[in-house]
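Structural features, examined
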Amino acid sequence: MVLSSVDELSEPLRWPDGGVTRIPYRLYTDPEIYALEQQRIFRGPVWNFLCLEIDIPNAGDYKTTTVGEIPVVATRDENGDVHAMVNRCAHKGALVCLKEKGNAKLLTCIYHSWSFDLQGRLKGVAFRNGLQGKGGLPQDFDISEHGLEPLRVEVFCGLVFGTFSDATPTVESYLGKPMSKFITRNLGRPLKPLGMHSQIIHNNWKLYAENVRDSYHATLLHTFYTTFKINRLDMDGGIVLAEDKWHSISYAKRATFDEAPEYAEEKIHSAQYDANLAGPTLLESWPEFEDGITHSIQALFPNLAIQFTLNSLAVRFFVPRGVDKTELFWFYVGYERDDEEQTRMRVMQGNLTGASGLVSLEDGCINEFVQRGTRGSPEGTGLAEMGGREVESSDHSRATETSIRGFWTGYRQIMDIA
């Protein structure tokens, strides 16, 4: 199914009155819309996260990844330059690199032994001239025209980005100044890997894109956040939107908050617990940045989030695997300058998040509840009016869905939906 615009959908998409405060349920379940997203978003003028630069530190290193549903491989060549190509042999379309990562001088497809260099150029074809004077490729076969499909690549603060579009501006221009500055705050120094894992969540990828932008739900759903005062809406904090509204930051300061009476008055379930940790060292931390921010989620369009909680630093990458399936990758990192105790604390705090994290465990199922709840009702709509109807930054409240409205602002623009 190849669609180029919403006008080609078999059933026209009519966005309801209310703009980005009304989200059609159909967007989570329609396979035609999902197919169109692969073209207009993931092959469109956006920067797609590919991998961390520390995943490919040495010449010859490669790392398989994905852009939407397109298999991609990122490499580092003999000169130290980073490249990315579609992981699809120019001959029959088979995957060339099968392992998650490795090191090689040539990338060779096991099907017919076509070999490509680390820039994706075709370098060798088995039996190209035939055997014993018979067979082989035609004499006018031009080996230079059959390389792996390339992506433009940029590296920013240790993040490797790729795009298929010549129209995409530089990464820093695409993100804008507030977003680039905050990425530099968190990742703008030499990194070291601390671990990774992934999980399958049974929902459309856009539901997770909403979830990482939804500061409103954080202390309603996540009991651990509220009980142990890691992230609450009555802490000092706010929301920062990019200039184009596509990207956002939600932040909080653990040391400065007055407990709001609404938690008790409205009988918020996450605030009904009086508990202590058997291992309180889990929440030990040190003040890392002068701005006092101890929790932040930075969401970058289309499918990347950078998380900082206490001293735990992680990159979340969520990949569409079908209209109702998403694979969520968690990459935990520290800084090369960290001492042994700091690294231990970062690793310990990594238990807060992830597939079975004390904080994020609920996110593995809540988006599936939405997927199941909206199935069969494509004409229905969700609401995003908390905090008002505007799409603006907020330095006084995180009880708002402005970041979600920002995501849909970008989505409607790139999908060309009026």
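Attention here is on the structure that accompanies the text. (Residues numbered from 1 in each chain as written. Predicted model: local features only at pLDDT ≥ 70, side-chain atom pairs only at ≥ 80, totals over all residues. Heavy atoms only, no water.)

Side note on the pairing of strand 9 (residues 122–125)
Where strand 8 (residues 114–116) lies against strand 9, three bridges are found, and the strand directions are antiparallel. What sits directly across from Ser115, in strand 9, is Gly124. Hairpin remark: strand 8 followed by strand 9, antiparallel, with five residues in the connecting loop; positive phi at Gly120, about 90°. (Pairing = 2+ DSSP bridges. Helix = DSSP H or I, 4+ residues; strand = E, 2+ residues; numbered from the N terminus.)

Describing a nonpolar patch on the surface
There is a patch of nonpolar side chains on the surface, built from Leu95, Leu98 and Ile110 and spanning about 330 Å² of accessible area. By the secondary structure assignment, Leu95 is in the loop between strand 5 (82–86) and strand 6 (101–103). (Patch = residues over 30% accessible without salt bridge, like charges linked within 9 Å, V, L, I, M, F, W, Y side chains within 5 Å. Areas by Shrake-Rupley, 256 points an atom, 1.4 Å probe, with all protein chains shown as cover. Salt bridge = Lys/Arg side-chain N within 4 Å of Asp/Glu carboxyl O.)

Some words on the pattern of salt bridges
Applying the stated criterion across every chain, the model contains 16 salt bridges. Between Asp117 and Arg121 there is a salt bridge; the shortest N-O distance is 2.7 Å. Residue classification places Asp117 among the buried residues on the basis of a relative accessible area of 8%. For Arg121, a relative accessible area of 45% puts it in the partly exposed group. (Buried < 20%, exposed > 50% of the residue type's maximum accessible area, 1.4 Å probe, protein only.)

What to know about helix 10 (residues 402–415)
Side chains three or four residues apart in an α-helix point the same way, a direct result of the helix having 3.6 residues per turn. Look at helix 10: 20 Å from first C-alpha to last across 14 residues, which is about the 20 Å you get at 1.5 Å a residue. Of all 14 residues that make up helix 10, twelve are buried, and the element is covered over most of its length. Burial in helix 10 covers these residues: Thr402, Ser403, Ile404, Arg405, Gly406, Phe407, Trp408, Gly410, Tyr411, Arg412, Ile414 and Met415. Just beyond helix 10, the residue with positive phi is Asp416, at close to 60°. (Expected span 1.5 Å × (residues − 1).)

Remarks on the sheet that holds strand 2 (residues 48–52)
The strand order across the open sheet built from three strands is 2-11-10, with neighbouring strands paired in antiparallel fashion. Both edges of this open sheet fall to strand 2 and strand 10 (152–156), since each of them pairs with a single strand only. For this sheet, the mean angle separating the axes of adjacent strands, direction not counted, is 30°. Across five bridges, strand 10 lies against strand 11 (residues 159–163) in antiparallel orientation. (Axes fitted to C-alpha atoms, helices over the stretch in contact; angles between N-to-C directions.)

What about the layout of surface pockets?
Empty space within the largest pocket amounts to approximately 420 Å³. If you trace the largest pocket, you find 18 residues lining it, with Glu210, Asp214, Val370, Glu401 and Ile404 closest to the centre. Secondary structure elements with two or more residues in the lining of the largest pocket: helix 4 (205–211), helix 9 (363–374) and strand 19 (381–383). Residues of the lining of the largest pocket, tallied by class, amount to eleven nonpolar, four polar and three charged. (1 Å grid on protein atoms, 1.4 Å probe; cavity = no way out; pocket = protein on both sides within 12 Å on 5 of 7 lines; lining within 4 Å. Points joined across faces, edges and corners; volume = space filled by probe spheres on them. Nonpolar A, V, L, I, M, F, W, Y, C, P; charged D, E, K, R; others polar.)

Quick look at the packing of helix 1 (residues 31–42) against helix 10
Direction vectors running N to C along helix 1 and helix 10 enclose 85°, while the axes themselves pass 10 Å from each other. The angle between helix 1 and helix 10 falls in the class roughly perpendicular. From helix 1, Ile33, Leu36, Glu37, Arg40 and Ile41 reach across to helix 10, where they touch Tyr411, Ile414 and Met415. Counted by class, the contact of helix 1 with helix 10 contains six nonpolar, no polar and two charged residues. (Parallel < 35°, antiparallel > 145°, perpendicular 65-115°, else oblique. Contact = heavy atoms within 4.5 Å.)

Describing the nonpolar core
By size, the foremost hydrophobic cluster in this structure holds 86 residues, and its most contacted members are Phe49, Leu159, Ile183, Leu187, Phe301, Trp408 and Tyr411. With seven residues, the single largest contributor to this core is strand 18 (residues 325–335). Counting only domains with at least three residues in this core, you end up with domain 1 (48–157) and domain 2 (177–415). With residues up to four places along the chain from it excluded, the contact list for Trp408 reads Trp15, Val20, Ile23, Leu27, Tyr28, Lys206 and Glu210. (Core = buried A, V, L, I, M, F, W, Y, C linked by side-chain atoms within 4.5 Å. Domains from an automatic or database assignment.)

Some thoughts on unusual backbone geometry
One can expect most non-glycine residues to show negative phi and most peptide bonds to be in trans. Pro302 follows Phe301 through a cis peptide bond whose omega is 5°. By the secondary structure assignment, Pro302 is in the loop between strand 15 (295–300) and strand 16 (304–309). Even without a glycine there, the phi angle at Gln132 is positive, about 55°. Of note, Leu310 is a non-glycine position whose phi angle comes to about 60°, a positive value. Residue Leu310 is classed as buried on the basis of its relative accessible area of 4%.

Focus on the side chain of Asn303
If you trace the backbone, Asn303 turns up in the loop between strand 15 and strand 16. At a separation of 2.8 Å, a polar atom in the side chain of Asn303 contacts the main-chain carbonyl oxygen of Phe318. Those residues in contact with Asn303, other than ones at most four positions away along the chain, are Phe42, Trp205, Arg316, Phe317, Phe318, Val319 and Pro320. (Polar contact = N/O pair within 3.5 Å; in protein donor to acceptor, adjacent residues only side chain to side chain.)

Quick look at the packing of aromatic side chains
One pass over the structure, following the stated rule, counts 19 aromatic pairs. With 5.1 Å between their ring centres and 70° between their planes, Phe49 and Phe317 make a pair best called edge-to-face. A residue pair is termed long-range when its members are at least 10 positions apart, and Phe49 in strand 2 and Phe317 in strand 17 (residues 312–322) qualify at 268 residues. Note on accessibility: Phe49 and Phe317 belong to one class, buried. Ring centres of Trp408 and Tyr411 lie 5.0 Å apart, and the angle between their planes is 75°; this geometry places the pair in the edge-to-face category. (Phe/Tyr/Trp six-rings, centres within 6.5 Å; stacked < 30°, edge-to-face > 60°.)

Details of empty space enclosed by the protein
Overall, the coordinates contain two cavities of 30 Å³ or more when judged by the stated rule. Lining the largest cavity are 17 residues, with His217, Ala218, Tyr225, His295 and Ile297 sitting closest to its centre. Here the lining of the largest cavity is composed, by residue class, of five nonpolar, eight polar and four charged. Taken as a whole, the second largest cavity spans an internal volume of roughly 40 Å³. Every residue lining the second largest cavity is listed: Gln199, Ile201, Tyr208, Leu328, Trp330, Gly354, Ser360, Asp363 and Gly364. Residue assignment for the lining of the second largest cavity shows that the elements contributing at least two residues are strand 12 (191–201), strand 18 and helix 9. For the lining of the second largest cavity, the residue count by class is four nonpolar, four polar and one charged.

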